[in-house]
Amino acid sequence: MKLILASGSPRRRELLAMLDIDFRVDTSRPVEETVPAGMAPEEVPAYLSRLKAGPYTATLAPDEVLVTADTVVILDGEVIGKPRDAAEAKSVLSRLSGRVHTVVTGVSLTLPGRTPHTFSETTHVEFSAISAEEIDYYVRRYSPLDKAGAYGIQEWIGAAAVKGMTGSFYNVMGLPVNRLYRELKQLLQRDFIHK
């Protein structure tokens with residue numbers, strides 16, 4: 001099977017490459033990422049990963065598998081997306097300081113002519129208290145405007161502020177590669193048996 005990653009995220013590409021599976025990236029069919037009103041925050045990433053798969057499903061070749069994903073940070077029951085600017089990034093990080101937040105990634109694996117197989121992975125991340133000066137340094141130096149929750153755990157802030165976590169480190173980076181590998185193997189075995 002040929003794997004297609006429909007994501008512009010350099011971190012997702014890097015993580016998927018760790019599995020030593022050949023894949024190509026296709027970001028030619030973006031979607032408007034709108035979420036139905038009242039949807040539970042934990043359900044948003046799975047919903048968006050299925051939404052992202054939609055434009056590709058009709059054109060998948062018989063030997064192709066599409067991977068789509070979405071990651072959100074949840075704090076106080078609210079989805080915290082990518083910050084619009086440096087001021088918002090600083091505000092988000094000050095809210096995360098000294099607290100535990102939740103990171104959920106939804107992943108959809110789509111075979112030709114099939115409904116996407118979707119799963120979610122959850123990680124709880126605890127931040128130490130971080131000062132305004134530390135937050136300012138991180139935002140100025142690393143410009144985390146393309147990251148949900150305004151931070152990348154693989155960067156300076158992961159070493160300086162992440163006190164601990166329950167769950168997958170790679171999930172916080174944007175792709176739960178261990179779970180993805182297991183789900184992909186099971187999906188392809190089931191597909192082979194049913195052919």
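The structure under discussion appears in the preceding block.
Given the structure is predicted, the values throughout are model-derived calculations rather than measurements.

1. Points about the packing of helix H3 (residues 86-96) against helix H4 (residues 132-142)
In helix packing, the relevant descriptors are the interaxial angle and the interaxial distance, both defined with respect to the helix axes.
Consideration 1: Direction vectors running N to C along H3 and H4 enclose 135°, while the axes themselves pass 10 Å from each other. Here H4 runs oblique to H3, going by the angle between their axes. Of the two elements, H3 crosses H4, and the hand of that crossing is right-handed. The segment H3 lies against H4, with Ala86, Ala89, Lys90, Leu93 and Ser94 engaging Ile135, Asp136, Tyr138 and Val139.
Consideration 2: Looking at the contact of H3 with H4 residue by residue, the class counts come to 6 nonpolar, 1 polar and 2 charged.

2. Quick notes on H4
Given 3.6 residues to a turn, an α-helix orients residues that are three or four positions apart in the same direction.
Consideration 1: Looking only at H4, the buried set comprises Ile135, Tyr138 and Val139. For H4, the angular spread of the buried residues around the axis is 90°, confining them to a single face. The exposed residues of H4 that point more than 90 degrees off its buried face are Glu133, Arg140 and Arg141.
Consideration 2: Turning to H4, the residues buried within the fold contact H3 and helix H5 (156-161).
Consideration 3: Directly beyond the C-terminal end of H4, a positive phi value near 40° is found at Ser143.

3. A word on the nonpolar core
Consideration 1: Counting residues in hydrophobic clusters, the biggest one holds 40 residues, and the most contacted among them are Leu93, Phe127 and Tyr151.
Consideration 2: At 5 residues, the largest contribution of residues to this core is made by strand S3 (residues 64-75).
Consideration 3: Once residues within four sequence positions are removed from consideration, Leu93 is found in contact with Phe127, Ile130, Ile135, Tyr138, Val139, Gly149, Ala150, Tyr151 and Ile157.
Consideration 4: In terms of nonpolar packing, the next biggest core, distinct from the first, is built from 6 residues, Ile4, Ala53, Tyr56 and Leu60 among them.

4. Topic: the pattern of salt bridges
Consideration 1: Across all of its chains, the model carries 17 salt bridges by this definition.
Consideration 2: Between Asp146 and Arg11 there is a salt bridge, and its shortest N-O distance comes to 3.2 Å. Note that Asp146 is positioned in the loop between H4 and H5 and Arg11 in helix H1 (residues 10-17), a separation of 135 residues in sequence.
Consideration 3: Note that Lys90 and Asp136 form a salt bridge whose closest N and O atoms lie 2.7 Å from each other. Here Lys90 is found in helix H3, whereas its partner Asp136 is found in helix H4, with 46 residues between them in sequence.
Consideration 4: Judged by its relative accessible area of 31%, Lys90 falls in the partly exposed class.
Consideration 5: If you follow the salt bridges from partner to partner, you end up with Arg11, Asp146, Lys147 and Glu155 in one network.

Thresholds applied
Every chain's residues receive numbers from 1 upward, in the order its sequence appears when written. Since the coordinates come from a predicted model, pLDDT governs what is reported: local features require at least 70, and pairs of side-chain atoms require 80 or more to be given and counted, while whole-chain, interface and lining totals use all residues. The basis for every side-chain value is the complete set of heavy atoms in the structure, and neither hydrogens nor water enter the calculation. Axis definition: a line fitted to C-alpha atoms, limited for helices to the stretch in contact. Angles are taken between N-to-C directions and run from 0 to 180 degrees. We count a stretch as a helix when DSSP gives it H or I for four or more residues in a row; a strand needs E for two or more, and each element gets its number in order from the N terminus. Note on terminology: angles under 35 degrees are roughly parallel, angles over 145 are roughly antiparallel, angles of 65 to 115 are roughly perpendicular, and the others are oblique. Crossing chirality is assigned from the near helix's rotation relative to the far helix, an anticlockwise turn below a right angle marking it left-handed and a clockwise turn marking it right-handed. We call two residues contacting when some pair of their heavy atoms lies within 4.5 Å. Gly falls in the polar group here, along with every residue not listed as nonpolar (Ala, Val, Leu, Ile, Met, Phe, Trp, Tyr, Cys, Pro) or charged (Asp, Glu, Lys, Arg). Three exposure classes are used, based on accessible area relative to the maximum for each residue type with a 1.4 Å probe and protein chains only: buried under 20%, partly exposed in between, and exposed over 50%. Note that the arc is computed from the directions linking the helix axis to the C-beta atoms. Within this scheme, the nonpolar core is defined by two criteria: the residues are buried Ala, Val, Leu, Ile, Met, Phe, Trp, Tyr or Cys, and they are joined through side-chain atoms within 4.5 Å. Salt bridges are counted wherever a side-chain nitrogen of Lys or Arg sits within 4 Å of a carboxyl oxygen of Asp or Glu.

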